[in-house]
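# Structure assessment
Chain by chain, the residues run as shown.
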Amino acid sequence: MTTPFSYVRPRSVADVISSLEAEGATIHAGGTDLLGCLRDGVYAVDTVVSLGDVEGLAGVRELKDGGLAVGAMTTITDLAGHATVAGRYPGLAQAAAAVASPQLRHQGTVGGNLCQKPRCWYYRGDFPCLRKGGYKCFAVNGENQHHAILGGAQCFIVHPSDLAPALMALDAAAIIDGPAGTRRVAVADLHVAPAEDPTRETVLEPGEVITEVRIPAPPAGLYNSYRKIRTRRSWDFAIAGCALALTLDGDTVRQARVVLAAAAPVPWRSTAAEDVLRGNPLDDAHIRDAAETAMADAVPMTHNAYKVPLFKGMLIEELAKARPR
Ligand SMILES: Cc1cc2nc3c(=O)[nH]c(=O)nc-3n(C[C@H](O)[C@H](O)[C@H](O)COP(=O)(O)OP(=O)(O)OC[C@H]3O[C@@H](n4cnc5c(N)ncnc54)[C@H](O)[C@@H]3O)c2cc1C
């Protein structure tokens, strides 16, 4: 059951930051993740600071350099359906359209999507797991079908966000406001790996709020996509996913970003696969090599070895789709 908390609705980012000074204060955006966590007693808060009345946090705007700024309170529905987003960064629109259900996309926001808590059933359940300050990761000798095959250490969650890998592939950055001013953090550096600290999801410091996400202008020849595989075709979290941002010159890959979803505790950039692709034709041999290389360091757990061929097959299919026709 939810423990009692106070609720405030500041009207400016400055007031959000000062409201967050209260002990046990946390941000409420769309509430689709937060309220479930509070209801299920995953953690407790004393003050809920709503972003709902803060002006200027929702919407997509053009940047002078040809990029886009997406406000943190932009709903996933608005992101998925935004014509400029879909035209310039189709993979981002695909990732947004693949999030949850229509109801959750209407309510859920971009900022909340990046900062959501993991979906591990031990973390969400009544277990004193490491991420909740407990003593061990119960997935190690437990039900680990959906857990990490890459980057696990101490804790073996997979990062639940569909938008984070898509934004990371596009080299996007989060703009963060807080008591010490404004800072810019690449989405690639936003999430904290469990080897560093299994109790933190993001590098956000107390009192900080993401106000927007900036995406650089798309380079000429950009091929951008997002693929999500889930256990059922209706709403669900990914069991495997990949975001591609390839810059193609004919069939030669000039630049490549390959980011895996649901593979690791943080969105997982496969620089090794990128190295295979960069400077080479996007032919069968390089595609297969990239897929193999992306999984070379995989360390499956007792019940999730199926993910290795799943990721390989998905990468082969997705890279083949990127070939110029
Ligand atoms: C049934 C179900 C299915 C789901 N399926 C998917 C899915 O398939 N893919 C997926 O990616 N997600 C999924 N989600 C997760 C998630 O709820 C949504 O993706 C949503 O985008 C979260 O946004 P929100 O605005 O509701 O966040 P909230 O619940 O309001 O906040 C989530 C967390 O982020 C923090 N936060 C929110 N905004 C900010 C900000 N601007 N700055 C700093 N911190 C902030 C909050 O304090 C909280 O800790 C699912 C959720 C549910 C309940």
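Note: the structure precedes this text.
Residues numbered from 1 in each chain as written. Predicted model: local features only at pLDDT ≥ 70, side-chain atom pairs only at ≥ 80, totals over all residues. Heavy atoms only, no water.

### A few points about the overall build of the protein chain
What the protein chain contains, in helices and strands, is twelve helices and twelve strands. For the protein chain, whose C-alpha radius of gyration is 19 Å, the value lies close to the compact-globule estimate of 20 Å for 325 residues. With respect to the principal axes defined by its C-alpha atoms, the protein chain has extents near 60 × 50 × 35 Å. Looking at the 325 residues of the protein chain, the share that counts as buried comes to 51%. Within the protein chain, contacts between residues at least 6 apart in sequence are counted, and of these 63% link residues at least 24 apart. As presented, the protein chain carries roughly 14300 Å² of accessible surface, and 52% of it is formed by carbon and sulfur atoms. (Helix = DSSP H or I, 4+ residues; strand = E, 2+ residues; numbered from the N terminus. Rg over C-alpha atoms; globule rule 2.2 N^0.38 Å. Buried < 20%, exposed > 50% of the residue type's maximum accessible area, 1.4 Å probe, protein only. Contact = heavy atoms within 4.5 Å. Areas by Shrake-Rupley, 256 points an atom, 1.4 Å probe, with all protein chains shown as cover.)

### Regarding empty space enclosed by the protein
If a probe as big as a water molecule is rolled over the atoms, it shows which places are left empty. On inspection of all chains with the given rule, the structure shows two cavities of 30 Å³ or more. The wall of the largest cavity is formed by Cys120, Tyr122, Tyr123, Cys129, Leu130, Arg131, Lys136, Cys137, Phe138, Ala139, Cys155 and Ile157. When the residues that make up the lining of the largest cavity are grouped by side-chain class, the tally is ten nonpolar, no polar and two charged. Considered as a void within the structure, the second largest cavity measures approximately 30 Å³ in volume. Taken together, Arg131, Ile157, His159, His191, Val192, Arg200, Glu201, Pro265 and Val266 make up the lining of the second largest cavity. Taken together, the residues that form the lining of the second largest cavity break down as four nonpolar, two polar and three charged. (1 Å grid on protein atoms, 1.4 Å probe; cavity = no way out; pocket = protein on both sides within 12 Å on 5 of 7 lines; lining within 4 Å. Points joined across faces, edges and corners; volume = space filled by probe spheres on them. Nonpolar A, V, L, I, M, F, W, Y, C, P; charged D, E, K, R; others polar.)

### Concerning the pairing of strand β7 (residues 181–186)
Consecutive side chains of a regular strand alternate in pointing toward one face of the sheet and then the other. Pairing of strand β6 (residues 173–178) with β7, which is carried by six bridges, proceeds in the antiparallel orientation. Across the sheet, Ala174 pairs through a bridge with Val185, a residue of β7. Hairpin connection from β6 to β7: two residues lie between these consecutive antiparallel strands. (Pairing = 2+ DSSP bridges.)

### Things to note about the packing of helix α11 (residues 284–294) against helix α12 (residues 307–321)
To describe two helices that pack against each other, one gives the angle between their axes and the distance between the axes. Taken N-terminus to C-terminus, the directions of α11 and α12 make an angle of 145 degrees; their axes are 9 Å apart at the nearest point. α11 and α12 meet at a crossing whose hand is right-handed. Between α11 and α12, the contacting residues are Ile287, Arg288, Ala290, Ala291, Glu292 and Ala294 on the first element and Lys312, Leu315, Ile316, Leu319 and Ala320 on the second. Its residues assigned to classes, the contact of α11 with α12 shows eight nonpolar, no polar and three charged. (Axes fitted to C-alpha atoms, helices over the stretch in contact; angles between N-to-C directions. Left-handed = near helix turned anticlockwise from the far one by under 90°.)

### Comments concerning the environment of Gly181
By the secondary structure assignment, Gly181 is in strand β7. Considered as a pair, Gly181 and Pro118 are 63 residues apart in the sequence and their alpha carbons are 28 Å apart.

### Re the nonpolar core
Ranked by internal contacts, the top residues of the largest apolar core, which has 36 residues, are Leu79, Leu92, Leu163, Leu167 and Ile215. At six residues, the largest contribution of residues to this core is made by helix α9 (residues 163–169). Setting aside its immediate chain neighbours within four residues, Leu92 contacts Leu79, Val85, Leu163, Ala166, Leu167, Leu170, Ile215 and Asn224. If you look at the next biggest cluster of nonpolar residues, it comprises 31 residues, including Leu248, Ala290, Ala298 and Ala322. (Core = buried A, V, L, I, M, F, W, Y, C linked by side-chain atoms within 4.5 Å.)

### Things to note about the side chain of Asn224
Its place among the elements puts Asn224 in strand β9 (residues 222–229). The buried category is assigned to Asn224, whose relative accessible area is 5%. Of note is the side chain of Asn224, whose polar atom sits 2.9 Å from the backbone nitrogen of Gly91. The contact partners of Asn224, leaving out residues within four places of it in the chain, are Tyr89, Pro90, Gly91, Leu92, Leu170, Leu244 and Ala245. (Polar contact = N/O pair within 3.5 Å; in protein donor to acceptor, adjacent residues only side chain to side chain.)

### Quick look at the environment of Asp53
Relative to the assigned elements, Asp53 resides in the loop between β3 (47–50) and β4 (60–62). If we skip the residues at most four places from it in the chain, Asp53 touches Arg9, Pro10 and Arg11. Among the polar contacts listed, one links the side chain of Asp53 to the side chain of Arg9, at a separation of 3.1 Å.

### Let's talk about the pattern of salt bridges
What the rule picks out here adds up to 23 salt bridges. A salt bridge links Asp40 to Arg39; the nearest nitrogen and oxygen atoms lie 3.1 Å apart. Under the relative-accessibility criterion, Asp40 is labelled partly exposed at 43%. Look at Arg39 and you get exposed, because its relative accessible area is 52%. (Salt bridge = Lys/Arg side-chain N within 4 Å of Asp/Glu carboxyl O.)

### Some thoughts on the state of the cysteines
What is meant by a disulfide is a covalent connection between two cysteines, made through their sulfur atoms. Across all of its chains, the model carries zero disulfides by this definition. Its sulfur unpaired, Cys120 is 6.2 Å from the next cysteine sulfur, which belongs to Cys129. (Disulfide = S-S within 2.5 Å.)

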